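An overview of the molecular structure
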Amino acid sequence: MADKPIYYGSPKSSPIYYGASSPMYGSSKSPVYYNSKPYGQYGAYGGVGGVGGPGNDKSLVGRLTMGRILRVVSQRWLTIFVFLLIGIIVSFSIYSVSPKIYEAVSEFTIDINRKSGNNASVLDNDMTVYGNNYAEIFNTRQSQWRSKKVLDKVVEEYNAENKDSNVKDTQLYEILADSKLELVRNARIITISVRSQDPKMAMDLANAYLRAIKSTTENENKERSAEAVKKFAEQAAQRREAWDVKKGELLATRMTNQIDRLHSERDMLQQSIQQLTVSISELSGKVTLLEEWEKLLVEVKKDPSSFGRLSTNIPRAPEIKTEHDAWQKAAGERAALLVTFTEETNEVIAKTEEVEVAKQRFIDAVSRAYEASKSELQSTRNRLRLDEEKRKNSQDQLAKLSEKIAEVTSKIDSLDQEARTCNELLKEAEMVLIRANQEADANNEIVRTNREAVEPTVPVSPNTLIIFGAGIFLALVLGVIFVLILDNLEDTIVNLSDIEGRLALKVLAVFPHVQRKKREHVAKYIIEDKYSHFSETVASLRNLLDSPRYEPLSHCLLFISTQPEEGKTISSTSLAISYAQSGRKVLHVDFDLRRPRSAKIWGIELTEDRSFSHCLQKAAGSNVDFARLVNKTGVDGLDVICSMPPEGVAPTTIFGSSIVSEFFAWARANYERIIIDAPPFGIVGDVVSLAVLVDSTIIMCCPDRTHFKPIQYCSRTLTEAGASILGVVVNDVEISNSSAFNLGVHRSYGYHYGYGYGYGYGYGPKKSAARVQGDGDNPEEESENDQPKSKREIEEIDAEASGVDNQFADED
C-alpha cells in the first residue's frame, strides 16, 4: 500500500466529493441535535449551514449583506470600473445612432354647459355623463378621441390641408398611434402632442387632430340630443299605453268580482258561528257536570258511606234515596238487636242478612244511575263534537271568504292606484317631451382652441440625461452583480461573517499564523512560548470549552476538517498540550489511520505491537490492553496514542468494528480529556462513525482555503447522524489592524477605573498563498519582523490575543 493514500490531493485544490450543491438528506429544516437529542437550555447556534440555516443560499449572487457587498466592491473595484467605461461607451453609441424626434403641441379646452341639481335641463339629466369632474370627463372622452373614427378624421383633415404631401396614410396612422392627449395639471387645458422626424409634419398633424376633435364633438352633441329627444317620445308613448292597460284591468276586475255579494255571505257565516259558539258553551258545561256526577257515582259504589255528596239532580236520584233509606233503617234495627242479643242469635243473623240485601239493592240503584249518567254523557259529547265541527267548517269558510274579499279589494285598490300613477307619469312625460324639443338645439359641450401648434425647432429625443444616466446606472448594477457572482462562485471562506452568517456555525476561536518551518515545531510551539499570541488563543479556547455551557460536551472532543492541510493535527495537539498544562490528565489519539502524524511530531519510534492501527486490526474480538499503546510526551499529564503508516491495515474495517467503542470506553474511564485527531471528512466515511462516539465535534477552517459546500455537507451529514457540532476554529489567520478577513469589523474594549486600557483588532489576509499553517510540510522562512523583539511587544500581543478570545467567549 502506498505511503500516502489516494484521497490526499493537492493542498490548494478542492476535494472532489462535494459536486452537488443541493442538500442530499431529508428536509431542509431538520433541527440540530447534540447526540440525537435537542440542545439543552442554552439552545443552538442558529442551525447548521446547508440544513436550513442562512448558509443554504442557492442564488447565483450568494447571500447579500451590506458588509459582503462593500468587501467585494472594494476588492474588485477595477472590474466595476471597466463595466462603467463600457456603459458610457454604449450610451454614447446609442445617443449617436438614435434618430432626432420633434414634438408639436396644440391645446384646447372644453366648455361643459351641463347643469346639475335643480338647475339641470331635461337633456342634461338624460344625456351621457362622462364624469363628476374635469379629470374624469377627460379620461372617459380620451378613449373616444383615440378611436379609429377620430383618427380617420385627423388624416382627412391633414390631407385636405397638405394636398401636395406624398406621405402615405399608413405612415400618418403610425405617427398618430404614438401621439398623446394629456390634461394639464391644475388646469382645464388639454394638450395634443405629436412626434415626428419632420417638424412640419408634427405641427400639421397636431393642428389637424385639434380640428378633428372639435368637429367630432359638435356632431356627437347633435346626435346625442336627437337620441335623447327620441327617447323621451318613446317614453311618453309607453306611458300612455300603460295607462290604457291599467284602466281596462280595473274595469274588468270590478265586473268579475261582485264585492257586495261577498260581504253578505261573510255576515251570514259570522251569525252562524256565533250561534254555534253559544251551543258549544252550553254543551261543554253539561259535559263537565255529567263527568263530575260519573266520578261521584263511582265513589259511592266503592264507598256507600259517601252517599251524602250526591246531588239531587243526578239520574235516578229518588230511587237511590229510597234504597239508601231502607238500607239505613235495616242497619238501625240490627244495631238495636245487638243491644239485647249477641251476633250469634237467630234474630241478629236474620237482620244482618236483611241489611246486606238492602245494601246490595242500594249499590244496584247507584249502578243503574251510573249507566244512565254515562249514556247521557256520551250523547252530550256527540252533540258537542258535531257543533264544533260545524263551527270549524263555518270558520274555514269565513276565512276563505274574508281572504278573497281582501284580495279582491286590494287588487281593485292597487289597480286604481296604478291607473292614477300611470296618468300622472303620462302627463309628466308629455311635459318633458315638450321641454326636450325646445332644448334640442342647445349644445352642452363646446371645444375651444386654446393654442395651435407651431413648428418645433429643438428635438425631444434622444434625451442625453436619460441615456447616459441609465447607461451608467445599469453598468454599475451589472458590475456589482458580476463581481458578486464571481465572489460566490469562488466558494471560499474569507471572513467571520461567512462562517457565522452564511454557514450558521459558531466560531469558537481564531488561531493566528505562526512563523515556523516544520509541523512539529508549530504543534509544540505552545510549549516553547507560553505567552505568545497563539498560546493565549489556544488557552482561551480551552477556557471556553471548560465553561459551564461547554464542559458537559468537551470530555471527548473530535477535530475534523473538510480537506487535508487545514491544521486539525496542529490544533488538536496544541489544545491537548494546553489541557495538560492546566493540570488535566489528557489523552491525544491519532485516529487518522491512513496518514498518521503524531508519532513524527513527538519523535516516537513505533513497532507494530504498539501501533494503534495495527493493534485494532489484529484485535478480531479479543481483549486488547490499550494501556500498552500509550506513549509519554514529556508534557506532564499528556499521553498520546500513535499509529504507524497503514501498510496491511484496512481502516474501514477497523472503524466498523466494536473494538473502537471499547477503546473509547477505556479512554473515558482513565482520562479527564480525550482529544481525537480524525481524518478529513467527506473523502472517507471514518469521521461519521467517530463523531457519534465522542461528546462533540470541532470543525477546522482556513481563510481563502476552506470551501462552503464541504462544510455545509459535513455539518448536515454529522447532524443527521446524531453527532454534536460545537462550532468552528479558524486557523492560520494573519492578525493586523487593517482587516480584510473580517471587513469593516473593528471592536474595542475599555476599562476606566482611574487608568485606561483599550485596543482594536482585525483579521487580515495571508500574505502568500504558500504560507499555510496546516498539516503539510511546506517550508516557510521565518520573518524577524513577525516575532516580538521585546518584553513590551510580547505583553501587547498577549493582551490583544486575550481580548480576541474573550470576545468570542462573550458572544456565546
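Residues numbered from 1 in each chain as written. Predicted model: local features only at pLDDT ≥ 70, side-chain atom pairs only at ≥ 80, totals over all residues. Heavy atoms only, no water.

Things to note about the overall build of the chain
On a plain count of helices and strands, the chain comes out with 23 helices and 17 strands. Residues classed as buried in the chain amount to 44% of the 812 residues present. Residue pairs in contact within the chain that sit at least 24 positions apart in sequence constitute 81% of those at least 6 positions apart. As displayed, the chain offers around 42,400 Å² of accessible surface, 53% of which is attributable to carbon and sulfur atoms. (Helix = DSSP H or I, 4+ residues; strand = E, 2+ residues; numbered from the N terminus. Buried < 20%, exposed > 50% of the residue type's maximum accessible area, 1.4 Å probe, protein only. Contact = heavy atoms within 4.5 Å. Areas by Shrake-Rupley, 256 points an atom, 1.4 Å probe, with all protein chains shown as cover.)

Here's the deal with helix α22 (residues 708-720)
The terminal C-alpha atoms of α22 lie 18 Å apart, and with 13 residues this matches the ideal 18 Å at 1.5 Å per residue to within 8%. Counting buried positions over the 13 residues of α22 gives 11, a clear majority of the element. Looking at the residues trailing α22, positive phi occurs at Gly 722, about 100°. (Expected span 1.5 Å × (residues − 1).)

Remarks on a nonpolar patch on the surface
Together, Trp 77, Leu 78, Phe 81, Val 82, Leu 85, Ile 86, Ile 88, Val 90, Ile 94, Ile 472 and Leu 476 make up a nonpolar patch on the protein surface, roughly 950 Å² of accessible area in all. Mapped onto the nonpolar patch, the elements with two or more residues apiece are α2 (77-97) and α11 (464-490). Topologically, Val 90 is positioned in helix α2. (Patch = residues over 30% accessible without salt bridge, like charges linked within 9 Å, V, L, I, M, F, W, Y side chains within 5 Å. Salt bridge = Lys/Arg side-chain N within 4 Å of Asp/Glu carboxyl O.)

Some details on the pairing of strand β13 (residues 696-701)
Counting buried residues along β13, 6 of its 6 residues qualify, which places the element largely inside the surrounding structure. The alternating pattern of β13 places Ser 696, Ile 698 and Met 700 and Thr 697, Ile 699 and Cys 701 on opposite faces, both of which are buried.

Some thoughts on the sheet that holds strand β5 (residues 190-196)
Pairing between the strands of a sheet comes from backbone hydrogen bonds, and it takes one of two forms, parallel or antiparallel. Taken together, 4 strands build an open sheet; the order of strands is β4-β5-β3-β6 and the sheet is antiparallel. Of all strands in the sheet, those bounded by a partner on one side alone are β4 (180-183) and β6 (445-451). Across the sheet, the axes of successive neighbouring strands diverge by a mean angle of 30°, strand direction being ignored. In this sheet, β5 lies alongside strand β3 (residues 102-112) in antiparallel orientation, the contact comprising 7 bridges. What sits directly across from Glu 103, in β5, is Arg 195. On the sheet, helix α7 (residues 199-256) packs against β3, β4, β5 and β6 and is oriented at approximately 20° with respect to β3. (Pairing = 2+ DSSP bridges. Axes fitted to C-alpha atoms, helices over the stretch in contact; angles between N-to-C directions.)

Focus on the pattern of salt bridges
Per the counting criterion, the structure on display carries 23 salt bridges. Where Lys 351 meets Glu 354, a salt bridge forms, and the shortest distance between an N and an O atom there is 2.9 Å. Of the two residues, Lys 351 and Glu 354 are both situated in helix α10 (residues 346-439); the distance of 3 residues between them amounts to about one turn of the helix. Of the residues examined, Lys 351 reaches a relative accessible area of 13% and is grouped as buried. Judged by its relative accessible area of 40%, Glu 354 is partly exposed. A single network of salt bridges, built from pairs that share partners, joins Asp 546, Glu 551, Arg 584 and Arg 673.

Quick word on the confidence of the model for the chain
Per-residue pLDDT for the chain averages 77, and the proportion of residues at 70 or more is 78%. Every residue in residues 1-56 is under pLDDT 50, and counting partners more than four places away or in other chains gives 122 contacts. Considering only residues more than four positions removed or in separate chains, one finds that residues 737-812, a stretch of pLDDT under 50, has 169 contacts. (pLDDT = per-residue confidence, 0-100.)

Quick notes on the environment of Glu 445
With respect to the secondary-structure elements, Glu 445 resides in strand β6. Glu 445 sits in the buried class, given a relative accessible area of 2%. Separated by 225 residues in sequence, Glu 445 and Glu 220 place their C-alpha atoms 9.4 Å apart.

Focus: the packing of aromatic side chains
According to the stated counting rule, one finds 15 aromatic pairs in the structure shown. An aromatic cluster of at least three residues, connected via ring pairs, comprises Phe 591, Phe 612, Phe 626, Phe 663, Phe 664, Trp 666 and Tyr 671. Its guanidinium or amino end placed over the ring of Trp 243, Lys 247 lies 3.7 Å from that ring's centre, counting from NZ or CZ. Directly above the ring of Tyr 671 sits Lys 585, whose terminal nitrogen or CZ lies 5.0 Å from the centroid. (Phe/Tyr/Trp six-rings, centres within 6.5 Å; stacked < 30°, edge-to-face > 60°. Lys NZ or Arg CZ within 6 Å of the ring centre and 35° of its normal.)

Remarks on helix α15 (residues 533-545)
Taking 1.5 Å per residue, 13 residues should reach 18 Å; α15 reaches 19 Å between its end C-alpha atoms and fits that length. A large share of α15 lies buried, amounting to 11 of its 13 residues. Within α15 the residues assigned to the buried category are His 533, Phe 534, Ser 535, Thr 537, Val 538, Ala 539, Ser 540, Leu 541, Arg 542, Leu 544 and Leu 545.

Points about the packing of α15 against helix α16 (residues 568-581)
At their nearest, the axes of α15 and α16 sit 9 Å apart, and the two run at 70° to each other. By the criterion of interaxial angle, the relationship of α15 to α16 is roughly perpendicular. Contact residues: Phe 534, Val 538, Ala 539, Leu 541, Arg 542 and Leu 545 in α15; Ser 574, Leu 575, Ser 578 and Tyr 579 in α16. Residues belonging to the contact of α15 with α16 are distributed by class as follows: 7 nonpolar, 2 polar and 1 charged. (Parallel < 35°, antiparallel > 145°, perpendicular 65-115°, else oblique. Nonpolar A, V, L, I, M, F, W, Y, C, P; charged D, E, K, R; others polar.)

Structural notes on unusual backbone geometry
Glycine aside, a negative phi is what most residues show, and trans is what most peptide bonds show. The omega torsion across Ser 461 and Pro 462 is 5°, close enough to zero to call that bond cis. With respect to the secondary-structure elements, Pro 462 resides in the loop between β6 and α11. Not every positive phi belongs to a glycine, and Asn 186 is a case in point at roughly 60°. Residue position: Asn 186 is located in the loop between β4 and β5. Note on Asn 186: relative accessible area 79%, which makes it exposed.

Some points on the nonpolar core
Core analysis: the largest hydrophobic core is formed by 52 residues, its most contacted members being Phe 591 and Phe 663. The element that contributes the greatest number of residues to this core is helix α20 (residues 659-670), accounting for 6 residues. For Phe 591, the residues in contact, after removing those within four places along its chain, are Phe 612, Phe 655, Val 660, Phe 663, Phe 664, Ile 676, Asp 677, Pro 679 and Leu 690. Core analysis: the next-biggest nonpolar cluster, separate from the first, contains 38 residues, Val 514, Ala 523, Leu 541 and Leu 544 among them. (Core = buried A, V, L, I, M, F, W, Y, C linked by side-chain atoms within 4.5 Å.)

Considerations on the pairing of strand β12 (residues 673-677)
For β12, the tally of buried residues reaches 5 of 5 residues, placing the bulk of the element in the interior. Residues of β12 alternate between two faces, with Arg 673, Ile 675 and Asp 677 on one and Ile 674 and Ile 676 on the opposite face, all of them buried. As paired elements, strand β8 (residues 556-560) and β12 share 4 bridges and run parallel to each other. Along β12, the bridge assignment pairs Cys 556 with Ile 674. Note: strand β9 (residues 586-590) against β12, 5 bridges, orientation parallel. Considered in β12, the bridge of His 588 is made with Ile 675.

Quick word on the environment of Lys 411
Structurally, Lys 411 is set in helix α10. Residues Lys 411 and Thr 253, 158 residues apart in the sequence, show an inter-C-alpha distance of 8.0 Å.

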